[in-house]
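Residues per chain, in single letters:
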Amino acid sequence: MVHQPPSGARDLLPLDVAQKISIERRLQQVFHRWGYHRIITSTLERLETLMAGGAIDRSTLIQLQDAEDGELGLRPELTASIARAAAMRMAGTRWQPFRLYYNANVFRKGPDTGSGGQQEFYQAGVELLGAGGTVADAEVLLLLSECLQSLEIDEWHLVLGEAGLTARLLEPFPPNVRQKVRGAIANLDRITLETLPLSTELRERALLLFDLRGRPEEVLPIVAKLDLDLSQQSALNNLKSAIELLHQCQSKIPHLKSHIHLDLSLIQTFDYYTGIVFEVVSSSKTGQRVLGQGGRYDQLLGLFDPQGQNSPGIGFCLNIEDLHQVLLTEGQLPSQTPASDWLVVAQTPEASAAAFAYARKLRDSTHLVRVEIDLESRETEEAAREYARDRRIAQIAWVNAEGLPTIETVN
Ligand SMILES: N[C@@H](Cc1c[nH]c[nH+]1)C(=O)O
């Protein structure tokens, strides 16, 4: 019988893992430097948690049935789980805001989950909970650019939108066509907008919304000319302030590069966003790729809080597989797993215990020393040398029964 993994499942072999860890380590260092602490939440959640606030469509969830807990699902993302954990377990603690980061696998099914029907993905991201306003928005966006900088990804831009403003600009459309207008704008489908059954006024509005993307200095004046009510005006002002602060920071932090594209038709997969939303898009040799996404969600924590008390939140995640692809084509990831530093060979069967003892001594160092024991009883010493050369092992320690080593440099 051949044991296949389930469709969409993927095993990561040691080189894949070494490459993945090299990405995650660099991100983790940035998260730590900004004062974020790691949170680990459950892979399994109740369906109602995963779908809270209309976060995700049930059809994209991998579901399980449990006799005691009812309907469960594998998490498709972490924001809802972290909001649940923070609202239920950390509420009332005095150290708000919470700066949390994660590095975890997520599961999604459906045609839009990427190549090869993949269902399991890895994400690293942050959630800044309990802080609203422009400075918190800017912190998260600057942290995001520092992550990309730490990975030495140069060719990328930030697509910035405002979920609240976009939703309100879509309000005049009758509910039965609103979703279609929204979808056509998000999918750059001008033809649908031109053929949908809309009044002349609404069609003009739809086409205007369609064009609300480009450089901030081009788009913002057009939006400002729209007939905006107070809440739309305040959403627009938030967006402007965030962009201004980002520009100011960039002029003070020279290595911080990010090209901002404003896109008021940017609509994210998850429905809990209430403020700025963004995507990081790479434009490297491999074509355009969404490397990460996020946004502000100021109504989500209240859904989980036992008293229904609301608290603002903002965060992003980086998609490890997409980063991996980009960095791989740019030759920026390890091409081999690390070699051992030492091969310890027992010269006779009686020397085995002495060889283990000597290997232990070598490993006992403040820096990492990789030591492997030769497990073969080889015919000749040359066979052991050959093994070491093949595996890029730097040195051999030949150990005799008295525990005395003879050191030989091979590579
Ligand atoms: N959880 C979102 C990203 C995000 C983090 N925080 C806010 N948004 C996603 O998987 O797309």
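Residues numbered from 1 in each chain as written. Predicted model: local features only at pLDDT ≥ 70, side-chain atom pairs only at ≥ 80, totals over all residues. Heavy atoms only, no water.

To keep things clear, this is the line we draw: UniProt positions are given in the numbering used here, feature names are shortened, and annotations may be inferred rather than shown by experiment.
An unreviewed UniProt entry annotates the protein as ATP phosphoribosyltransferase regulatory subunit originating from Phormidium nigroviride PCC 7112. Per UniProt, the protein carries the Sequence similarities (unreviewed entry) text "Belongs to the class-II aminoacyl-tRNA synthetase family. HisZ subfamily." We quote the UniProt Pathway (unreviewed entry) comment for the protein here in full: "Amino-acid biosynthesis; L-histidine biosynthesis; L-histidine from 5-phospho-alpha-D-ribose 1-diphosphate: step 1/9."

## Digging into the packing of aromatic side chains
For clarity, the threshold we go by: Think of it this way: a Phe, Tyr or Trp ring, Trp meaning its six-membered ring, pairs with another when their centres are within 6.5 Å, and the plane angle makes it stacked under 30 degrees, edge-to-face over 60, tilted otherwise. When a residue's accessible area, from a 1.4 Å probe over protein chains only, is under 20% of the maximum for its type it is buried; when over 50% it is exposed; and in between it is partly exposed. Whether a charge lies above a ring is judged from NZ of Lys or CZ of Arg, which has to be within 6 Å of the ring centre and within 35 degrees of the ring normal.
Throughout the structure, instances matching the rule amount to four aromatic pairs. An angle of 5° between the planes, with centres 5.7 Å apart, marks the rings of Phe270 and Tyr272 as stacked. Residue Tyr272 is classed as buried on the basis of its relative accessible area, which comes to 5%. Every member of this aromatic cluster is reached through a ring pair, and the members are Phe270, Tyr272, Tyr273 and Tyr297. The aromatic ring of Phe210 is capped on one face by Arg213, whose charged end is 5.0 Å from the ring centroid. Between the NZ or CZ atom of Arg378 and the centre of the ring of Tyr387, over which it lies, the distance is 4.6 Å.

## Quick notes on the layout of surface pockets
Short version of the rule: Cavities and pockets are found on a 1 Å grid laid over the protein atoms alone: a cavity is a set of points where a 1.4 Å probe fits but cannot escape, a pocket is an open set with protein on both sides within 12 Å along at least five of seven lines, and a lining residue has an atom within 4 Å of such a point. Grid points are joined across faces, edges and corners, and a volume is the space filled by probe spheres set on the points. Every helix listed is a DSSP run of H or I at least four residues long, and every strand listed is a run of E at least two residues long, numbered separately from the N terminus. When residue character is reported, Ala, Val, Leu, Ile, Met, Phe, Trp, Tyr, Cys and Pro are called nonpolar, Asp, Glu, Lys and Arg charged, and the others, Gly included, polar.
Computed from the structure, the second largest pocket encloses a volume of approximately 340 Å³. As for the second largest pocket, its lining consists of 19 residues, and the residues nearest its centre are Val345, Ala346, Glu376, Ser377 and Arg378. Of all the elements in the fold, those that place two or more residues in the lining of the second largest pocket are β13 (342–346), α13 (352–363) and α14 (381–390). In terms of residue count, α13 provides more of the lining of the second largest pocket than any other element does, three residues in total. Looking at side-chain class alone, the lining of the second largest pocket contains nine nonpolar, five polar and five charged residues.

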